[in-house]
Structures are given as C-alpha cells and as structure tokens.
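Residue-level structure breakdown
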Amino acid sequence: ENNIFDNICTYNQKSGIQLNASDSSTLTNNTCNYNKDGIHLFYTDHALLFDNDAVSNVINGIYLYVSDDNTLVKNYCDLNVFPGIKLYYSDDNRINNNTSINNSRGLSLYASNRNVVYGNEFVNRGNNFGIWLFGSHYNEIYNTSVENCEHGIFLQSSNNNIANNNTIMNNT
C-alpha cells in the first residue's frame with residue numbers, strides 16, 4: 001500500500017509516476033507533465049487515482065497496463081500525444097468525472113472488459129477518437145460528454161457494451 005501525493009514529476013524519460021505490481025495504492029494531487037507517460041500502473045490493482053494532472057506527455061496521460069479494479073476520479077489529461085487515459089488488458093476499473101482534452105484519443109480501452117466510464121468529458125481537436133474500444137467487452141459508458149472528435153465513440157471488435165445517456169456532439 002502506497003500513498004503518493006503532492007508531487008511534481010516533469011521531464012522524465014520514462015513515467016512521471018509508475019507503480020509496478022502494487023496493491024491498494026493512492027495517488028492524489030500529483031502533476032506529471034512532459035514525461036513518456038504521466039502516470040503508469042503496471043500490474044497494479046485496487047489503486048485510487050484522484051485529482052492528478054497529466055499534461056503534454058510523449059505517450060499517454062494515464063496508462064493502466066494489466067491493472068484491475070482501480071478507480072480514476074477527477075483527473076485532468078491534456079495535450080498528450082496519444083490517449084489521455086488508456087487501459088490495456090485492464091478489467092473492472094471505474095473511470096469517473098475525469099477530463100481528457102486535446103489528446104489523440106480521450107479514452108482508449110484495448111482488450112479491457114467490465115469497466116465503468118461515468119460522468120467524464122472527452123474533448124479533442126477534431127481528430128481521432130473521443131472513446132475507442134478495441135476487443136473490449138461488457139463495458140458501460142454513462143453520462144459522458146464526447147466533443148470535437150473525428151469519431152465520438154468507436155467500437156471495433158467489441159461486443160456487449162452499453163453506452164447510455166451520453167452527449168456526443170460536433171464530431172465529424
């Protein structure tokens with residue numbers, strides 16, 4: 001169990017903050033800018049990421065890799081080259097009330113199942129995807145705003161997902 005809070009992590013060649021095989025950690029009020037990945041959870045479960053900023057990172061703002069049962073709340077991801085928030089083979093996570101703007105993708109779920117996405121804002125620069133699911137099943141997307149993207153919500157090789165009561169607008 002780790003408590004990581006009030007840190008400024010900038011200009012690192014790898015991640016600003018990375019947890020490897022950790023359990024029940026809390027990351028709060030960290031600023032992770034100009035890194036490879038802002039915050040990276042690697043085989044990490046039961047973590048809480050609350051009120052963190054991930055801006056202008058070379059790859060992802062927040063990246064979960066084979067990490068299950070985590071909660072992301074009120075995080076801010078802006079101007080990351082790839083997704084603001086990316087889940088890769090990560091299941092049963094909750095992504096609530098986050099803001100992901102001006103990234104290539106607001107949210108990417110790759111082979112990630114049973115995640116709940118609720119009350120988020122994904123706004124991009126008219127390119128790519130607001131929310132992209134690939135090979136991801138049984139996810140729920142509710143009360144989320146997706147704006148100014150090429151594709152609002154894009155499902156590829158994904159089944160049994162629910163998208164309900166979302167605002168999807170000004171997408172090309």
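Residues numbered from 1 in each chain as written. Predicted model: local features only at pLDDT ≥ 70, side-chain atom pairs only at ≥ 80, totals over all residues. Heavy atoms only, no water.

1. Quick look at the sheet that holds strand β11 (residues 76–78)
- What the eight strands build is an open sheet, ordered β2-β5-β8-β11-β14-β17-β20-β23; its pairing is parallel. Single-partner strands in this sheet number two, and they are β2 (8–10) and β23 (167–169). Neighbouring strand axes in the sheet, compared pairwise and without regard to direction, differ in orientation by 5° on average. (Pairing = 2+ DSSP bridges. Helix = DSSP H or I, 4+ residues; strand = E, 2+ residues; numbered from the N terminus. Axes fitted to C-alpha atoms, helices over the stretch in contact; angles between N-to-C directions.)

2. Things to note about the packing of aromatic side chains
- For the structure shown, the criterion picks out 14 aromatic pairs.
- When the ring of Y11 is compared with that of Y34, the centres are 5.0 Å apart and the planes differ by 5°; the resulting orientation is stacked. Here the residue Y11 occupies a position in the loop between β2 and β3 (15–20), and Y34 occupies one in the loop between β5 (31–33) and β6 (37–42), the gap between them amounting to 23 residues.
- Judged by relative accessible area, Y11 falls into the exposed class, the value being 63%.
- Here the aromatic rings of Y110 and W132 are separated by 6.4 Å at their centres, their planes lie at 35°, and the arrangement is tilted. (Phe/Tyr/Trp six-rings, centres within 6.5 Å; stacked < 30°, edge-to-face > 60°. Buried < 20%, exposed > 50% of the residue type's maximum accessible area, 1.4 Å probe, protein only.)

3. Description of the pattern of salt bridges
- Applying the stated criterion to the full structure yields three salt bridges.
- We note a salt bridge from D69 to R94, for which the minimum N-O separation is 3.0 Å. Of this pair, D69 sits in the loop between β9 (62–65) and β10 (71–73) while R94 is found in strand β13 (residues 94–96), placing the two residues 25 residues apart along the sequence.
- On the accessibility criterion, D69 (30% relative accessible area) is partly exposed.
- On the accessibility criterion, R94 (28% relative accessible area) is partly exposed.
- D92 is paired through a salt bridge with R114; the nearest N and O atoms lie 3.0 Å apart. Of the two residues, D92 sits in the loop between β12 (85–88) and β13 while R114 sits in the loop between β15 (105–110) and β16 (116–118), which places them 22 residues apart along the sequence.
- Here D92 falls in the partly exposed class, since its relative accessible area comes to 29%.
- For R114, a relative accessible area of 42% corresponds to the partly exposed category.
- A single salt-bridge network, built from bridges that share partners, covers D91, D92 and R114. (Salt bridge = Lys/Arg side-chain N within 4 Å of Asp/Glu carboxyl O.)

4. Notes on the environment of I39
- Here I39 is to be found in strand β6.
- Sequence separation between I39 and V66 is 27 residues; the distance between their C-alpha atoms is 14 Å.
- The contact partners of I39, leaving out residues within four places of it in the chain, are I17, L27, C32, L49, N52, G61, I62 and Y63. (Contact = heavy atoms within 4.5 Å.)

5. Re the nonpolar core
- One finds L49, I62, I85, L87, L107 and I131 to be the most contacted residues of the largest nonpolar core, which totals 26 residues.
- In contact with I131, not counting residues within four places along its chain, are L107, F122, I141, T144, V146, G152, I153 and F154. (Core = buried A, V, L, I, M, F, W, Y, C linked by side-chain atoms within 4.5 Å.)

6. Examining the side chain of E147
- For E147, the position within the fold is in strand β20 (residues 145–147).
- Residue E147 is classed as buried on the basis of its relative accessible area of 18%.
- A polar contact is formed between the side chain of E147 and the side chain of S145, at a distance of 2.9 Å.
- With residues up to four places along the chain from it excluded, the contact list for E147 reads F122, V123, N124, M169 and N171. (Polar contact = N/O pair within 3.5 Å; in protein donor to acceptor, adjacent residues only side chain to side chain.)

7. As for the pairing of β15
- Relative to β15, β12 runs parallel, the two being bridged by four bridges. Paired with I85 across the two strands is L107, which belongs to β15.

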